[in-house]
Every structure is written in structure tokens, then in C-alpha cells.
Amino acid sequence: MGPALVEPVTAPPVEVTRRVTHMPTLTFSIPTLDMATHMRSLYISAEVEGITMNNIMVDTRATVNVVTTHTMRILCIPRSMIQTTSLTVKNFTGKFSRTQGLLFLRVKVGPASRVYTFFAVECASSYSTILGRDWIYRSFCVPSSMHQELMI
């Protein structure tokens, strides 16, 4: 007896469909000479824990969100709310400094409201918080320091 012949199995034809979703197009205006020559960071106002805060810096170079202990006092958030961590961050001078820890804060910008992780730092600064790439990506927003605008 020879080897058994096996009939090849053919799968039924599969219909391949491509779903195309039309996304709204985000556009910024053509930059003016004034826009192209300023060196300002992008600062916004937002609700943090239900309180409107100004001087919130949107920083595409920052990996994490940062809140100062001064801002925590304004928001009436006790230090006991900070969860300790051994994370160090690189500050604007290029030196590493240890964070006080992390905490979770609700941030509302426009219609979008969500809870984000912030690292608390003890420092003197011109900003109340820094919204870094964590916030930018999770909020699906497009910041433009040149235009001084934030599209959500």
C-alpha cells in the first residue's frame, strides 16, 4: 500500500474590504513674520481639580507632567496626597533633581476632562504646572508654540 493521497483543502474566498474613515483636518494658519520670530513658550489656562489655573506650560520636550508644590498649596492639596517615588527629573538647568512623588489630578482643557499623573517638584517657577508629552498624547492635541494655539 502506498501513501494516502490527501486532497488539498481550499479556503472559501475571503472578501477584503478597506474601511476608510474621514478624519477632520487640523490646520494652522500660515505663520506671520511675528510668529516666526518670537521665542515664547505655549502657556494655557485650564481647570485643575476644578480650579482655573493660568500659566500652565505645554512643553513637547517634557516627558512627564509636573506640578509645583506652590501650585499644590493653591489647589489645597496636602502633601499627604503625594505618593512617594524615587524618580529624578532633569530640570531646565540640565541638573537632575528628585521629585517629591506623584499624584493624580483632573485636568480640564476645553471640553476634555481627564485624570493625569503629575510629579510634584519643589521649585520656584513662572508656571503653575507643565503638561508634557503624557498629557499631549493622551489628550490627542496638537500644540503650536509658533501660533500660540492648542488644537484638541
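Just above, that's the structure.
In this text the structure is predicted, and so the values were computed from the model without any measurement. (Residues numbered from 1 in each chain as written. Predicted model: local features only at pLDDT ≥ 70, side-chain atom pairs only at ≥ 80, totals over all residues. Heavy atoms only, no water.)

Draft legend 1. Structural view of the nonpolar core. By size, the foremost hydrophobic cluster in this structure holds 23 residues, and its most contacted members are Ile44, Leu103 and Trp135. Those elements giving two or more residues to this core turn out to be strand E1 (42-48), strand E2 (51-58), strand E6 (101-109), strand E7 (112-121) and helix H3 (133-138). (Core = buried A, V, L, I, M, F, W, Y, C linked by side-chain atoms within 4.5 Å. Buried < 20%, exposed > 50% of the residue type's maximum accessible area, 1.4 Å probe, protein only. Helix = DSSP H or I, 4+ residues; strand = E, 2+ residues; numbered from the N terminus.)

Draft legend 2. Region of the structure containing the pairing of E1. On E1, burial follows the alternation: Leu42, Ile44, Ala46 and Val48 on one face are buried, whereas Tyr43, Ser45 and Glu47 on the facing-out side are not. Both E1 and E2 contribute to a ladder of 6 bridges, which runs antiparallel. Bridging from a neighbouring strand, alanine 46 pairs with methionine 53 of E2. Counting the residues in the hairpin turn of E1 and E2 gives 2 residues, including glutamate 49, whose phi is positive at 55 degrees. As paired strands, E1 and E6 are joined by 2 bridges and run antiparallel to one another. Its bridge partner being in E6, glutamate 47 is matched across the sheet by lysine 108. (Pairing = 2+ DSSP bridges.)

Draft legend 3. How the structure looks around unusual backbone geometry. A positive phi angle, near 55 degrees, is found at glutamate 49, a position not held by glycine. Summarising the element assignment, glutamate 49 is placed in the loop between E1 and E2. Backbone geometry at asparagine 55 places phi at a positive 55 degrees, although glycine is not the residue there. Within the secondary structure layout, asparagine 55 lies in strand E2.

Draft legend 4. How the structure looks around the sheet that holds E2. The mixed closed barrel is built from 6 strands, whose spatial order is E1-E2-E8-E3-E7-E6. Strand-to-strand twist in this sheet, taken as the mean axis angle between neighbours without regard to direction, amounts to 45 degrees. Pairing geometry for E2 and strand E8 (residues 129-131), over 3 bridges, is parallel. Residue pairing across strands places valine 58 opposite leucine 131, the latter belonging to E8. (Axes fitted to C-alpha atoms, helices over the stretch in contact; angles between N-to-C directions.)

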